[in-house]
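So the chains spell out like this:
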Amino acid sequence: MPVAVEIKSLREIERMRASCAMAAETLLLVGDKIRAGMTTEDINTIVHEDTIRRGARPSPLNYRGFPKSVCTSVNHVVCHGIPGPQVLKDGDIVNVDVTTLFEGFHGDTSATFYIGTPSPDARKVVEVARKALDLGMAEVKDGARLGDIGAAIQEYVEREGCSVVRDFVGHGIGKAFHEDPQVKHYGKRDTGARLRAGMIFTIEPMVNLGRFEVDVDPKDKWTVTTADGSLSAQFEHTILVTKGGFEVLTQRSRPLRASENVVTLLA
């Protein structure tokens, strides 16, 4: 049976623009402040305080028992890393995943940051993940299919010698943190549900330098790591489907420091 996907009203879209803009600005603040010697708990404090200051609240806090206001995933951690005493070191990469709840609507975005000078492997996986998101978004328009997004991402990532995580996917978003549809970052073209103007969802490819298999920490039940210990990177935007293409609701107002402003080694 086809999944019923909500088409957002104009009023709902405006609410989503507001929450998404807040999430984007908070992520920019993280980029301004992130550096070696900080702990991932310091990042949590930055995100929590900035979100509250905006009159919003962090969506991850207490969501299904998650104990912090943001996810911080360092090096081989794929997603859902829990902030704590871990100190960021020169050469690390860290994904910071910000979701903001404002006036009943969630805005979700993430980026992977370079701490100091990255290794060639770190630069490779981060830049492949960054371009994978761009290629996935480029497939979005009214009448396209969900499989087109996944195929574009998978084709590029595997061509670059990396892999796409299968166990975690993008998702619809709005009044609920996670809604239908599921947005896979792998698959075949011309398959899956058709996209319709007014749909809002995230695209958030998780790219591993090694194999795509992952493990979930048996103790905290949240932290996801690469099964082979390889590096992982992720970028995420919340997207509105339009008649002529798409709108990036979490578009940032300027380049992201320690990420977008770093000169890449890839063509």
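In this text the structure is predicted, and so the values were computed from the model without any measurement.

Undergrad: Could you clarify how one ought to interpret the pattern of salt bridges in this entry?
TA: Pairing is possible between side chains that carry opposite charge, provided their charged atoms lie close to one another. By the definition in use, this model includes 19 salt bridges. For the salt bridge of R53 with D50, the shortest nitrogen-to-oxygen distance reads 2.8 Å. Within this pair, R53 and its partner D50 are both found in helix α2 (residues 40–53), separated by three residues, close to a single helical turn. Residue class for D50 comes out buried when judged on its relative accessible area of 5%. Through salt bridges with shared partners, one network takes in E6, K8 and E179.

Undergrad: What am I meant to see in the packing of helix α1 (residues 10–33) against α2 here?
TA: Packed helix pairs are characterised by how far apart their axes lie and by the angle those axes make with each other. For the pair α1 and α2, the least separation of the axes is 10 Å and the interaxial angle reads 140°. Relative to α2, α1 is oriented oblique. Here the hand of the crossing between α1 and α2 comes out right-handed. Packed against α1, whose contacting residues are T26, L29, V30 and K33, the element α2 presents I43, I46, V47, D50 and T51 at the interface.

Undergrad: Explain the sheet that holds strand β10 (residues 206–208) to me, please; I cannot follow it from the model alone.
TA: Picture the strands of a sheet paired through backbone hydrogen bonds; they go either parallel or antiparallel. Within the open sheet, the three strands sit side by side as β6-β10-β13. Their pairing is antiparallel. What marks the edges here is a single partner per strand, and that holds for β6 (163–164) and β13 (232–234). Where β10 and β13 come together, three bridges link them in antiparallel fashion. The residue of β13 that forms the bridge with V207 is A233. Relative to β13, helix α3 (residues 120–138) is tilted by about 30°, and along the sheet it contacts β10 and β13.

Undergrad: Just to check I follow, could you spell out the environment of K141 for this structure?
TA: Its location among the elements puts K141 in the loop between α3 and α4 (146–159). Exposure remark for K141: the relative accessible area of 47% places this residue in the partly exposed category. In contact with K141, other than residues within four places in its own chain, are L195, V241, T242 and G245.

Undergrad: Looking at this structure, how should I read the layout of surface pockets?
TA: Unoccupied space between atoms shows up once a probe the size of one water molecule is rolled over them. In this structure, the largest pocket encloses a volume near 510 Å³. Lining the largest pocket are 23 residues, with Y63, H80, F168, H171 and H178 positioned closest to its centre. For the lining of the largest pocket, the secondary structure elements donating two or more residues are β4 (93–102), β7 (170–172) and β8 (179–183). Across the lining of the largest pocket, the residue classes break down as ten nonpolar, six polar and seven charged. Of the voids in this model, the second largest pocket is the one considered here, and its volume is about 280 Å³. Around the second largest pocket, the lining is made up of 15 residues, and of these L146, Q182, K184, G192 and A193 lie nearest the centre. Those elements that provide at least two residues to the lining of the second largest pocket are α4 and β8. Tallied by class, the residues present in the lining of the second largest pocket amount to six nonpolar, six polar and three charged.

Undergrad: What is the right way to read the sheet that holds strand β11 (residues 214–216) from this model?
TA: Reading across from one edge, β3-β12-β11 is the order of the three strands in this open sheet, with antiparallel pairing throughout. A single partner strand is all that each edge strand has here, and the edge strands are β3 (77–79) and β11. Strand-to-strand twist across the sheet, computed as the mean angle between neighbouring axes with direction ignored, equals 40°. Judged from the three bridges that link them, β11 and strand β12 (residues 224–226) form a sheet pairing that is antiparallel. Across the sheet, residue V216 finds its bridge partner in β12, namely V224.

What counts as what
Residues numbered from 1 in each chain as written. Predicted model: local features only at pLDDT ≥ 70, side-chain atom pairs only at ≥ 80, totals over all residues. Heavy atoms only, no water. Salt bridge = Lys/Arg side-chain N within 4 Å of Asp/Glu carboxyl O. Helix = DSSP H or I, 4+ residues; strand = E, 2+ residues; numbered from the N terminus. Buried < 20%, exposed > 50% of the residue type's maximum accessible area, 1.4 Å probe, protein only. Axes fitted to C-alpha atoms, helices over the stretch in contact; angles between N-to-C directions. Parallel < 35°, antiparallel > 145°, perpendicular 65-115°, else oblique. Left-handed = near helix turned anticlockwise from the far one by under 90°. Contact = heavy atoms within 4.5 Å. Pairing = 2+ DSSP bridges. 1 Å grid on protein atoms, 1.4 Å probe; cavity = no way out; pocket = protein on both sides within 12 Å on 5 of 7 lines; lining within 4 Å. Points joined across faces, edges and corners; volume = space filled by probe spheres on them. Nonpolar A, V, L, I, M, F, W, Y, C, P; charged D, E, K, R; others polar.

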